[in-house]
Amino acid sequence: DAANGGGNCRFYNNLVTGSTGGYRDTVSLSGNDPTQVCVNNIVINNPGDGFRVTAQQGLVLENNIAFGNGVDFVVNGGTPSATNLTTDPKLVNVGSGDFRLQPTSPAREAGYAVLQPGMRNDWYGNNRLTDIDRNGNARPDIGVHEVADVSLSVTNWGQGKSATFQATSTTA
């Protein structure tokens, strides 16, 4: 129960998986307090509800991914925002504890764009506002890890030659 009714509660850029604490809800928000903010989190593979929201007026629940939980989102009195996803976040290898995002993850550049002071960098120190796809819209990734920028440099390439490159990205 990460945020049950407490005022001024902010829950940003977390990963919650495999909880066994006996609680029905993994992340629970209640009350009508606009200072309760839950954004950019990944909640996966928990036996109970991923996110449970009651009396949602004023609460901010945006840009989260819930997948493989008992029930991913339970929102009493409404429906989850379209910015919350119920799809596989495509983490590298959950079983071995590698929670970095795969290059095709729907969490890449899908985060809530308003970042609080102290939340500008990820676990490794990578800037959360990197425009990795170069579309002019820098948005943070959802979850703990930010995909680091990818660059490719080719020098002394002969005229008339061609090549195929496959770019991969990393978080550290």
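Use the structure listed above.
Computed from a prediction, not measured in an experiment: that's the story for all the values here.

Asks: For empty space enclosed by the protein, give the residues involved together with the corresponding values.
Replies: A full pass over the atoms with the stated rule returns one cavity of 30 Å³ or more. One number sums up the size of the largest cavity: a volume of about 40 Å³. Residue classes in the lining of the largest cavity are distributed as seven nonpolar, two polar and no charged.

Asks: Outline the nonpolar core, supporting the account with residue identities and numerical values.
Replies: If you look at the biggest cluster of nonpolar residues, it comprises twelve residues: Phe-11, Val-27, Leu-29, Cys-38, Val-43, Phe-51, Val-53, Leu-59, Leu-61, Ala-66, Phe-73 and Val-75. Sorting the residues of this core by element identifies β3 (25–30), β6 (49–54) and β9 (71–75) as the ones contributing at least two each. In terms of nonpolar packing, the next biggest core, distinct from the first, is built from ten residues, Ile-44, Ile-65, Ala-107 and Ile-142 among them.

Asks: Can you explain the environment of Leu-85? Please cite residues and give values.
Replies: Its place among the elements puts Leu-85 in the loop between β9 and β10 (91–93). Along the sequence, Leu-85 and Ile-42 sit 43 residues apart, while their C-alpha atoms lie 9.4 Å from each other. Contact partners of Leu-85, with chain neighbours within four places excluded, come to Asn-64, Ile-65, Ala-66, Phe-73 and Pro-106.

What counts and how
- Residues numbered from 1 in each chain as written.
- Predicted model: local features only at pLDDT ≥ 70, side-chain atom pairs only at ≥ 80, totals over all residues.
- Heavy atoms only, no water.
- 1 Å grid on protein atoms, 1.4 Å probe; cavity = no way out; pocket = protein on both sides within 12 Å on 5 of 7 lines; lining within 4 Å.
- Points joined across faces, edges and corners; volume = space filled by probe spheres on them.
- Nonpolar A, V, L, I, M, F, W, Y, C, P; charged D, E, K, R; others polar.
- Core = buried A, V, L, I, M, F, W, Y, C linked by side-chain atoms within 4.5 Å.
- Buried < 20%, exposed > 50% of the residue type's maximum accessible area, 1.4 Å probe, protein only.
- Helix = DSSP H or I, 4+ residues; strand = E, 2+ residues; numbered from the N terminus.
- Contact = heavy atoms within 4.5 Å.

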